[in-house]
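Reading the structure
For reference, the chains in residue letters:
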Amino acid sequence: MNWQLVPQQLVTGLLNGGIIGIIALGIVLIYRSSEVFNFSHGQLVMLGAFLTWWFAGGTESGNELFNLPLWGAIPLAILVAASLGLLIERLALRPMTGQPLLAIILMTLGLAQFLEGSAAIVFGIEPKNNFPAPFSPSDVISIPFPGAFNDAIIIKQALLATFIVAILAAILFMLFFQFTRTGLAMRATSEDHELARSVGINVPRVFGLSWAIAGVIATIGGVLLATLTGVSLSLATVALVAFPAILLGGLQSFSGAIIGGLLVGLAQAIVQASSVQTVRSSSEIAPYLLLLVVLIIRPEGLFGQKRIERV
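1. A short note on the overall build of the protein chain
The helix and strand inventory of the protein chain stands at twelve helices and two strands. When the helices and strands of the protein chain are placed in sequence order, the string is α-α-α-α-β-β-α-α-α-α-α-α-α-α. A compact globule built from 311 residues should have a C-alpha radius of gyration of about 19 Å, and the protein chain, at 20 Å, falls within 12% of that. Its C-alpha atoms put the protein chain at 65 × 55 × 35 Å along the principal axes. Contacts in the protein chain between residues at least 24 apart in sequence constitute 71% of all its contacts with a sequence separation of at least 6. In the structure as shown, the protein chain presents an accessible area of about 15500 Å², 67% of it carried by carbon and sulfur atoms. Of note, the protein chain has its 14 positive side-chain charges centred 10 Å away from the centre of its 14 negative side-chain charges.

Structure, rendered in structure tokens:
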């Protein structure tokens, strides 16, 4: 282990984990409301980033339909993503009501391929490096830290800003879910669909709202990722890192999704601080190894609910 790199890697991993957590939050929302594990959420993240880039005039062709500043492009992309989430629930999920769980999972996998293929046709397959990020990659903050490499921890301003935005967005969402009337209806639906119907809650409407909000969360996550890496089809693969974060925190826990994201970021960072090249190159599997250890001890995840059902 290269101990001089450990402080730097831990801070970087923690900041990266905030973005993973906000993306995991959208998947947990869909699962809690409709008991559907959405494998297309990564594609929604990618699509949200592409929409923001497009509304901001990223094509640079000289005849852009939109050429908005970033603060104007993001709300418009969020609106489109929310509408798309609602449309997916109406056209893809609702007809699957009553079908086997495996059929619904395969539907979300097919939806993922459809969204990714559509994005490739509309926006092209080449990465876009001209995302209008508010920070330059060269903008950094140096924090003195004896014992670290060069006795300082270097933090990219863009990474710090995305972490702060991700945590604030997660807090606002959890406050909405906990204290608003709509959030209460969503909580009731997540516990028992039939019981929610019996007290007058429109369960299909809650499903649609959940998918719309998941589209909003995905767009926020996509914008944060694009700020750091640019826009490309590869943004869809971020869901592969969000999945172990969800299972670590517990499938039905919003706070668990955030904490799981932070743990995943830290796990990858610790492996990347290794002095052995083979170990460093295996950082992508570190979250899954951590997940395996946690699930052996707590099969329901760190904050999941242990439910015992009579079959």
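2. Observations concerning the environment of Ile-27
As for its position among the elements, Ile-27 is in helix α1 (residues 6-34). Setting aside its immediate chain neighbours within four residues, Ile-27 contacts Phe-37, Asn-38, His-41, Ala-242, Phe-243 and Ile-246.

3. Some remarks on the nonpolar core
Counting residues in each nonpolar core, the largest one holds 74 residues, and the members touching the most others are Ile-22, Ile-23, Leu-29 and Phe-173. Sort the elements by how many residues they give to this core and helix α8 (residues 203-229) lands first, with twelve residues. When neighbours within four sequence positions are excluded, Phe-173 is seen to be in contact with Leu-25, Leu-29, Ile-213, Ile-217 and Phe-254. Formed by seven residues, the second largest nonpolar core is a distinct cluster that contains Leu-15, Ala-148, Ile-153 and Ile-155.

4. A short note on the side chain of Thr-227
With respect to the element layout, Thr-227 can be found in helix α8. On the basis of relative accessibility, which here comes to 14%, the residue Thr-227 falls in the buried class. Non-local contacts of Thr-227, meaning those with residues more than four positions away in its chain, are made with Phe-131, Ala-133, Pro-134, Ala-158 and Thr-162.

Conventions we followed
- Residues numbered from 1 in each chain as written.
- Predicted model: local features only at pLDDT ≥ 70, side-chain atom pairs only at ≥ 80, totals over all residues.
- Heavy atoms only, no water.
- Helix = DSSP H or I, 4+ residues; strand = E, 2+ residues; numbered from the N terminus.
- Rg over C-alpha atoms; globule rule 2.2 N^0.38 Å.
- Contact = heavy atoms within 4.5 Å.
- Areas by Shrake-Rupley, 256 points an atom, 1.4 Å probe, with all protein chains shown as cover.
- Lys, Arg positive; Asp, Glu negative; His and termini not counted.
- Charge placed at Lys NZ, Arg CZ, Asp CG, Glu CD.
- Core = buried A, V, L, I, M, F, W, Y, C linked by side-chain atoms within 4.5 Å.
- Buried < 20%, exposed > 50% of the residue type's maximum accessible area, 1.4 Å probe, protein only.

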